[in-house]
Amino acid sequence: MRAFLTVPSYGPVDPLCARTLRIAMMSAARGGTDWVGDISSDRMSFMDARNYSVQRLMEDPTIADGIMWVDSDMVPEAGSILRLLETATRKGYTFVSGVYHARRGNHRPVFFNYDPKTDIFKQALTYEIDTIKPEGGCGFGFVWTGTQLLLDIRALPDFDPDKGSYFPDHHFGNVSEDLGFCRLAHKAGHQLYVDTGVQVGHLGETEVITRDHHLRVLLATKGLTKVSVV
């Protein structure tokens, strides 16, 4: 597998995310992945950042079999990339996602059912571990897209390189740029598969530690209801 890596970033990257990604890439390389380049962007909008990476590959589609997408706040396990790419290779899939969960709210898995008749994406509620199932849409936190998929989207009759391109962002229509891509993939005749055996951490919101945290721990460890200051 010849793969481009893209990790769109929007500011400083947490060292934990960077370190675990490096380990996952090294594991994938030992498993046979040939990393042909890094086509990441920095401080672009979501739509522009993702389109930038695809356009870099489209300059010479023969150079790589596809793009490995990893958001800059993902925390993959050592074998996560290797397993995802092995699933794609073994099954001949052009579009495969691992599983990560929303960092806010109810922490649902970030993949979706899709009804093409109503053009509605509905986020999954639960799932079984270690299954590979067709799904209708996904976030792009940890995804493989094959080059042929991208070429087939570009060949769609209604593909418009000037209006959102591969990742049309229609947030006001309740469809984000990643689901906009999934909609185009469906039109191009490509099925998304989710490998639930690929579990990827999602860095949560940063917590600001104050004196109150210290006092709560102190009270709990001492079995007190009030701390006297001396």
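Residues numbered from 1 in each chain as written. Predicted model: local features only at pLDDT ≥ 70, side-chain atom pairs only at ≥ 80, totals over all residues. Heavy atoms only, no water.

(A) Spatial organisation of the pairing of strand 2 (residues 34-38). Judged from the four bridges that link them, strand 1 (residues 2-6) and strand 2 form a sheet pairing that is parallel. Counted as the bridge partner of A3 is W35 from strand 2. Running through helix 1 (residues 15-30), the crossover from strand 1 to the neighbouring parallel element strand 2 is right-handed. (Pairing = 2+ DSSP bridges. Helix = DSSP H or I, 4+ residues; strand = E, 2+ residues; numbered from the N terminus. Right-handed = clockwise from strand over helix to strand, strands pointing away.)

(B) Spotlight on unusual backbone geometry. One non-glycine residue, D119, lies in the positive phi region at around 60°. Looking at where D119 falls in the secondary structure, it is placed in the loop between strand 6 (111-115) and strand 7 (120-123). Using a relative accessible area of 30% as the deciding quantity, one classes D119 as partly exposed. Of note in this structure, D130 is not a glycine but carries a positive phi near 60°. Within the fold, D130 resides in the loop between strand 7 and strand 8 (132-135). (Buried < 20%, exposed > 50% of the residue type's maximum accessible area, 1.4 Å probe, protein only.)

(C) Broad picture of the side chain of D71. As for its placement among the helices and strands, D71 is situated in the loop between strand 3 (66-70) and strand 4 (74-75). For D71, a relative accessible area of 15% puts it in the buried group. Residues contacting D71, with those up to four places away along its chain left out, are V7, P8, R50, F140 and G141. (Contact = heavy atoms within 4.5 Å.)

(D) Summary view of helix 3 (residues 80-91). Taking 1.5 Å of rise per residue, the 12 residues of helix 3 would be expected to cover 16 Å, and the 17 Å separating its terminal C-alpha atoms lies within 8% of that figure. Taken together, the buried positions of helix 3 are S80, I81, L84, L85, T87 and A88. The buried residues of helix 3 all sit within an arc of 150° when viewed along its axis, so they share a single face. Exposed side chains of helix 3 directed beyond 90 degrees from the buried face belong to T89 and R90. (Expected span 1.5 Å × (residues − 1). Arc of directions from axis to C-beta.)

(E) Structural context of the sheet that holds strand 7. The sheet built from three strands is open, its strands ordered 7-6-9 with antiparallel pairing. The sheet is open, and its two edges are formed by strand 7 and strand 9 (137-138), each paired on a single side.

(F) Layout of the packing of aromatic side chains. Evaluated as defined, the whole model comprises 13 aromatic pairs. Relative to F181, the ring of F167 lies with its centre 4.8 Å away and its plane at 20°, an arrangement referred to as stacked. Of this pair, F167 sits in the loop between helix 4 (147-154) and helix 5 (177-187) while F181 is found in helix 5, placing the two residues 14 residues apart along the sequence. For the pair formed by F167 and F181, the shared burial category is buried. Members of the aromatic cluster, each reached through a chain of ring pairs, are W69, F95, F140, F167 and F181. (Phe/Tyr/Trp six-rings, centres within 6.5 Å; stacked < 30°, edge-to-face > 60°.)

All quantities given are derived from atomic positions and should not be read as evidence of function.
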